[in-house]
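# Close look at the chain arrangement
Listed here are the chains, written in short residue letters.
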Amino acid sequence: VGHCHPDIVKAAHEQNQLLNTNSRYLHDNLVDYAERLSKTLPEKLCIFYFLNSGSEANDLALRLARQYTKHEDVIVLDHAYHGHLTSLIDISPYKFRNLEGQKEWVHVAPVPDMYRGLYREDHEDSVTAYADEVKNIIEHAHKRGRKIAAFFVESLPSVGGQIIPPAGYFQKVAEHVHKAGGVFIADEIQVGFGRVGKHFWAFQLQGEDFIPDIVTMGKPIGNGHPLACVATTKEIAEAFAATGVEYFNTFGGNPVSCAIGLAVLDVIEKEHLQAHATEVGNFLMKTLKEQQIKHPIIGDVRGCGLFIGVDLIKDQAE
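Residues numbered from 1 in each chain as written. Predicted model: local features only at pLDDT ≥ 70, side-chain atom pairs only at ≥ 80, totals over all residues. Heavy atoms only, no water.

- By the naming in an unreviewed UniProt entry, the chain goes by AT2L2 lyase and is assigned to Prunella fulvescens.
- Taken directly from UniProt, the Sequence similarities (unreviewed entry) text for the chain runs: "Belongs to the class-III pyridoxal-phosphate-dependent aminotransferase family."
- The record held by UniProt for the chain lists under Cofactor (unreviewed entry) the comment "pyridoxal 5'-phosphate". (UniProt positions renumbered as here; feature names shortened; annotations may be inferred.)

Structure (structure tokens):
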């Protein structure tokens, strides 16, 4: 919503002047914010955990998935990056390939990249082909006695190259993952909160019939203030609570953070920022595509709203 947005600064300042301890003490802001956030999501995603960073959110999502499924293994996309905690470096090929390598409980699926990927725009059914790669991973894991806890994916892979997965891919993958007893986790940390313009959440680009089991949020949620969230279903939350080990985060969901979160949602709504992302994104895509015609170095221009990738190449044919 822009640097030092006056509405955000004001909300933080006003709440800062009141007693702020930690989330052990009840405060209306927490409930008000959860309620407001729930209106942006499908009804099924109705339980919220508040944290301080996207990495914390993704780590909790991993714990929720494992507790609910009683499985360990995770499928991720190639080049993925999900955070800086040890648990997340382990599921981030972008990082672990330069460190200790791939753990036996991590499985890497090809990115559904229609430009550079295994199956491209000229493929007769790239959606099924990419989803079948996940199905094959699951079958191979089962043969080795492994069990899948989650398919963990950014709704639009960002570090992997600003990829726009073909519509229907998530539905087919979710079908294979659910059949294997796993859950589908959508990481919206970079791409949520109206950035894609058409929708509030990037996973909604896949179609109304697709709902993840867990959604993680961070980055834009607090406009620079440390705030993050995990949204999930009652079933998953209940399985997590059944351990008797409650989830507690000292500053996650504190009154100042929630006041800022509410102000961010207000600004997005009041200043029509979703429509703005669509309009500016369309203009940028149009002008970039005009450049693409002029310059052979531009191989591909792709994106949605203000999530845009320009693929620079050496050779058009290769």
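### Remarks on the overall build of the chain
- The number of helices and strands found in the chain is ten helices and nine strands.
- Relative to the compact-globule value of 20 Å for 318 residues, the chain shows a C-alpha radius of gyration of 20 Å, a close match.
- On the principal axes, the C-alpha backbone points of the chain span a range of 65 × 50 × 40 Å.
- Across the 318 residues in the chain, those meeting the buried criterion constitute 52%.
- For the chain, long-range pairs separated by at least 24 residues make up 72% of all intrachain contacts whose partners lie at least 6 apart in sequence.
- For the chain, the accessible surface area stands at approximately 15,600 Å², while carbon and sulfur atoms represent 52% of it.
- Charge centroids of the chain, computed over 30 positive and 41 negative side chains, lie 3 Å from each other. (Helix = DSSP H or I, 4+ residues; strand = E, 2+ residues; numbered from the N terminus. Rg over C-alpha atoms; globule rule 2.2 N^0.38 Å. Buried < 20%, exposed > 50% of the residue type's maximum accessible area, 1.4 Å probe, protein only. Contact = heavy atoms within 4.5 Å. Areas by Shrake-Rupley, 256 points an atom, 1.4 Å probe, with all protein chains shown as cover. Lys, Arg positive; Asp, Glu negative; His and termini not counted. Charge placed at Lys NZ, Arg CZ, Asp CG, Glu CD.)

### Regarding the packing of helix H6 (residues 126-143) against helix H7 (residues 169-179)
- Contact pair H6 / H7: the axes reach a minimum separation of 9 Å and the direction vectors enclose 20 degrees. In terms of axis orientation, H6 runs roughly parallel to H7. Taken as a pair, H6 and H7 cross one another with a handedness that is right-handed. Only Tyr 169, Lys 172, Val 173, His 176 and Val 177 of H7 make contact with H6, whose side of the interface consists of Val 127, Thr 128, Tyr 130, Ala 131, Asp 132, Val 134, Lys 135 and Ile 138.
- Residue composition of the contact of H6 with H7, grouped by class: eight nonpolar, two polar and three charged. (Axes fitted to C-alpha atoms, helices over the stretch in contact; angles between N-to-C directions. Parallel < 35°, antiparallel > 145°, perpendicular 65-115°, else oblique. Left-handed = near helix turned anticlockwise from the far one by under 90°. Nonpolar A, V, L, I, M, F, W, Y, C, P; charged D, E, K, R; others polar.)

### Points about the pattern of salt bridges
- Applying the stated criterion to the full structure yields 16 salt bridges.
- Two residues, Arg 36 and Glu 269, come together in a salt bridge whose shortest N-O distance is 3.6 Å. Here Arg 36 is found in helix H2 (residues 28-38), whereas its partner Glu 269 is found in helix H9 (residues 255-270), with 233 residues between them in sequence.
- Classification of Glu 269 by relative accessible area gives exposed; the value is 56%.
- The partner of Lys 44 in a salt bridge is Asp 213, with the nearest N and O atoms 3.7 Å apart. In this pair, Lys 44 sits in the loop between H2 and strand S1 (47-51) while Asp 213 sits in the loop between strand S5 (183-187) and strand S6 (214-217), placing the two residues 169 residues apart along the sequence. (Salt bridge = Lys/Arg side-chain N within 4 Å of Asp/Glu carboxyl O.)

### Quick word on the packing of helix H1 (residues 6-16) against H9
- Packing of H1 against H9 brings their axes to within 8 Å, and their N-to-C directions diverge by 155 degrees. The angle between H1 and H9 falls in the class roughly antiparallel. Helix-helix and strand crossings are classified by hand; for H1 and H9 the assignment is right-handed. On H9, the residues touching Asp 7, Ile 8, Ala 11, Ala 12, Gln 15 and Asn 16 of H1 are Pro 255, Val 256, Ala 259, Ile 260, Ala 263, Val 264, Val 267 and Lys 270.
- A per-class count over the contact of H1 with H9 returns ten nonpolar, two polar and two charged.

### Looking at the domain arrangement of the chain
- As assigned here, the chain comprises domain 1 (6-271) and domain 2 (276-312).
- With 16 residues of domain 1 at the interface, the matching set in domain 2 holds 14 residues.
- When the two sides are added together, the surface that domain 1 and domain 2 hide from each other amounts to roughly 1,200 Å², 59% of it contributed by carbon and sulfur.
- On the domain 1 side of the interface with domain 2, the three residues burying the most area are Tyr 115, Gln 162 and Arg 195, jointly 45% of the side's total. (Domains from an automatic or database assignment. Buried area = accessible area lost by both parts, 1.4 Å probe.)

### Here we look at the packing of aromatic side chains
- Evaluation of the coordinates by the stated rule reveals 16 aromatic pairs.
- Ring geometry for Tyr 49 against Tyr 247: centres 5.8 Å apart, planes inclined by 90 degrees, an arrangement best described as edge-to-face. Here the residue Tyr 49 occupies a position in strand S1, and Tyr 247 occupies one in the loop between helix H8 (234-241) and H9, the gap between them amounting to 198 residues.
- On the basis of relative accessible area, Tyr 247 is assigned to the partly exposed category, the value being 25%.
- On the basis of an interplanar angle of 75 degrees and a centroid distance of 4.9 Å, the ring pair of Phe 184 and Phe 210 is categorised as edge-to-face. You can see Phe 184 sitting in strand S5 and its partner Phe 210 sitting in the loop between S5 and S6, a full 26 residues away along the chain.
- Judged by its relative accessible area of 0%, Phe 184 is buried.
- Within the aromatic cluster, the residues linked to one another by ring pairs are Tyr 119, Tyr 130, Phe 151, Tyr 169, Phe 170, Phe 184, Phe 203 and Phe 210.
- The ring of Phe 248 has Arg 24 lying over it, and the distance from NZ or CZ to the ring centre is 3.9 Å. (Phe/Tyr/Trp six-rings, centres within 6.5 Å; stacked < 30°, edge-to-face > 60°. Lys NZ or Arg CZ within 6 Å of the ring centre and 35° of its normal.)

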